[in-house]
Amino acid sequence: MSTSDAVPVSLAEIARIAGVGRAAVSNWRRRHDSFPTRIGGTDVSPQFSLTEVEQWLRDNGKLKDIGGRELLWPRFEVLGSRNESGLTVAEAARRMRFPRARIAHPELSSHARELVADAAKLGRAEGPRETFEFLLQRWLETHVRQLSTTPPPLAALMTRIALGVRLGSEDDGGLTILDPACGTGHLAAAAAQEYDGPGLELLGCEKDPALAALVAARLDFVTEDRDVRTRIVTADALREDPFSGARADIALCNPPFNERDWGYEELATDQRWTHGLPPRTEPELAWVQHLLSHLKPGGTAVVVLPPAVASRKAGRRIRGSLLRTGALRAVVSLPPGSAQPHSVSLQLWVLRAAIDGPAATVPSQDALLVDATRFARPGTREPSPDWDALGSFVLTALAALDHPDRETPQDAVRVPLIDLLDDEVDVTPGRYTASASEPSPKELAVRWDAFGALLTELADHARQLSVLDVEADTQQTTTTVGDLVKAGALTLGAGQQPPETAAPAGGTAVPLLTIADLLHDGTPSGLLTTGSAHTVAEQGDVVVAGVIRAFRAWVHEGPPMALGPQLYTLRVDSEKLDPHFLAGCLRAPANGRQAGTHASSSSRVDIRRLQVLQLPLEKQAVYAETFRRLRAFERLLDETQASGSALGGDMSDRLAAGGLTI
């Protein structure tokens, strides 16, 4: 094979193929003269021949049993075009399921067709669904900047909302769900997984041919062995509605945002605009009315919208009509990071079509506004919500939608239409939930009493600690974690990235703690199914966060917990070390700074360089008890500060509103 015909792979891709870190591949390249020669790229980002790399890995015993998928994917990347590679993945999925099927996309190149055959063969050997999901995920990751996807947790939440609040019945033995802008198919897949009733029909529309083909392939796998009919059409749903006249029980949608060229001129007289012609600058309100036009009586739509749609002046007339007719039932403000764009607090609008005939009801005289922005989990470049808490809160709040006598939780409020139908018709939840959540005078008095109790307890701890003799003993010797490991006094384990592939059968689910969790509230946000080698902290182990911005050490007191990257577990020999003594020494801020690898807050801590006092076990116990007392003081100080800040904010709001009696 000539250099021009070779499939190029980067160091990162070689690392993924071999199941090691990139640093290991760089080390192989330096140490082994036989390592393949660079065929392209640059000195900083070199590229190598996939064939030569595979052969070298096999010859040197470094190709782990990962199957052929990792070796297959670089060939898809060589196709270059996003559309061709996407259509090739979709075509391979069809061929996995139906080996003799004719090619559905004759425009594919000869190289793409050859790849379809090889991928289908591999899929039939290693599992069609697993192979397709692997290829689809890699395709999505490669083109993430060109795609707007609905995260699976958000898609599941939207489906549960729609199933919970719709008024229709399933007496006809089935359910029809529509997504007129289905994109990558996350909403349709979630609908198929969340609904376990009979006779499901999924209707989808997507104007991008590659995405439409991938959605169709995806749903074929998701719905196999079930009574589900799917129909995915390649079309622009607003301009050329392929489901005109069709009615759905549920509509789910995450439409494109801020598209000025959505068909304003040619659709000016369209019959779907029963609430008014959407202004050119309000394409999202065109999608809202499109969804309503396709609902059966009592059917529900849940749509993701940017927050500006709730307040922009140009859309106030349509918002007013949606409220007066009872079509807009609820608005939920999501925390940043719920979906792209991650920096924006997107909204869910819950819409419902009126019921016709004798069962028709008078439109509701209020709307439910829910502010769920407090469920953000900061600390990552793209913050992710606390999905479990967010979903529970939103579903609890929306359960009161048709029950006026049911109390709504904090940050959710029923707003009478007379208060919404003003000059602005602003349905932004935060505008109304802030005043509704203000504590009463009695609640304020209770909070002040609780704050006073915290101050008393804090002062008591301060008195106990202040009398301790803490002069530095310059003669005291120290050792390092690395030396303690060598001496057998403790065992060091490093957390890892959760595996992308399915966990082995028979594993046990344990909580997974990450650095992002520590930066939020310290509660594990994920689950990991054990069964393969993964670092798990047991009760009594010392856990250390190896990043300056989250640096801390503590004794794990709960059930087994898996650790993510940059988290470490130290398991002590109880005859040599007290775990509370060890944790107290390690978490000293000066210790972390000294062992840090750089000066920035994102730098890592070299765990093996952390210093530990050298003391006999009986003296360690005295230090351990003092460390416990100091940690209790620090926790109490944090609680007092949070309580005082909240009280200060509440009092400021009351005073600014003229609540002071003079």
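Predicted model, so just to flag it, every value in this text is computed and none were measured. (Residues numbered from 1 in each chain as written. Predicted model: local features only at pLDDT ≥ 70, side-chain atom pairs only at ≥ 80, totals over all residues. Heavy atoms only, no water.)

Undergrad: Could you give an account of the sheet that holds strand β2 (residues 40–41), naming the residues involved and the relevant values?
TA: Sheets are built from strands that pair by backbone hydrogen bonding, the pairs being arranged parallel or antiparallel. Pairing in this open sheet of three strands is antiparallel, and the strands run β1-β3-β2 from one edge to the other. Each end of this open sheet is capped by a strand with a single partner; those strands are β1 (8–10) and β2. Where β1 lies against strand β3 (residues 46–49), three bridges are found, and the strand directions are antiparallel. Residue Ser10 lies in a different strand from β3, and its bridge partner there is Gln47. In the packing of helix α3 (residues 50–59) onto the sheet, the strands contacted are β1 and β3, and the crossing angle to β3 comes to about 75°. (Pairing = 2+ DSSP bridges. Helix = DSSP H or I, 4+ residues; strand = E, 2+ residues; numbered from the N terminus. Contact = heavy atoms within 4.5 Å. Axes fitted to C-alpha atoms, helices over the stretch in contact; angles between N-to-C directions.)

Undergrad: For the state of the cysteines, give the residues involved together with the corresponding values.
TA: Tallied over the entire structure, the rule returns zero disulfides. Not engaged in a disulfide, the cysteine Cys205 finds its nearest cysteine sulfur in Cys182; these two sulfurs lie 6.9 Å apart. Looking at Cys205, the relative accessible area reads 0%, which means it is buried. (Disulfide = S-S within 2.5 Å. Buried < 20%, exposed > 50% of the residue type's maximum accessible area, 1.4 Å probe, protein only.)

Undergrad: For the nonpolar core, give the residues involved together with the corresponding values.
TA: Among the nonpolar cores identified, the biggest contains 46 residues, and Leu252 and Leu348 are the most heavily contacted of them. Ranked by the residues each element gives to this core, the list is headed by helix α8 (residues 152–165), at seven residues. Once you skip the residues sitting within four places of it in the chain, Leu348 turns out to touch Leu154, Met158, Ile161, Val302, Val303, Val304, Ala330, Val331, Val332 and Leu334. By size, the runner-up hydrophobic cluster in this structure holds 45 residues, among which are Ala286, Trp287, Leu295 and Leu328. (Core = buried A, V, L, I, M, F, W, Y, C linked by side-chain atoms within 4.5 Å.)

Undergrad: Give me helix α13 (residues 387–398): which residues, what numbers.
TA: In this model, α13 (12 residues) spans 16 Å end to end at C-alpha, consistent with the 16 Å of a helix rising 1.5 Å per residue. When we look at burial in α13, the residues that qualify are Trp387, Leu390, Gly391, Phe393, Val394, Ala397 and Leu398. Buried positions in α13, seen along its axis, are confined to an arc of 165° and lie on one side of it. (Expected span 1.5 Å × (residues − 1). Arc of directions from axis to C-beta.)

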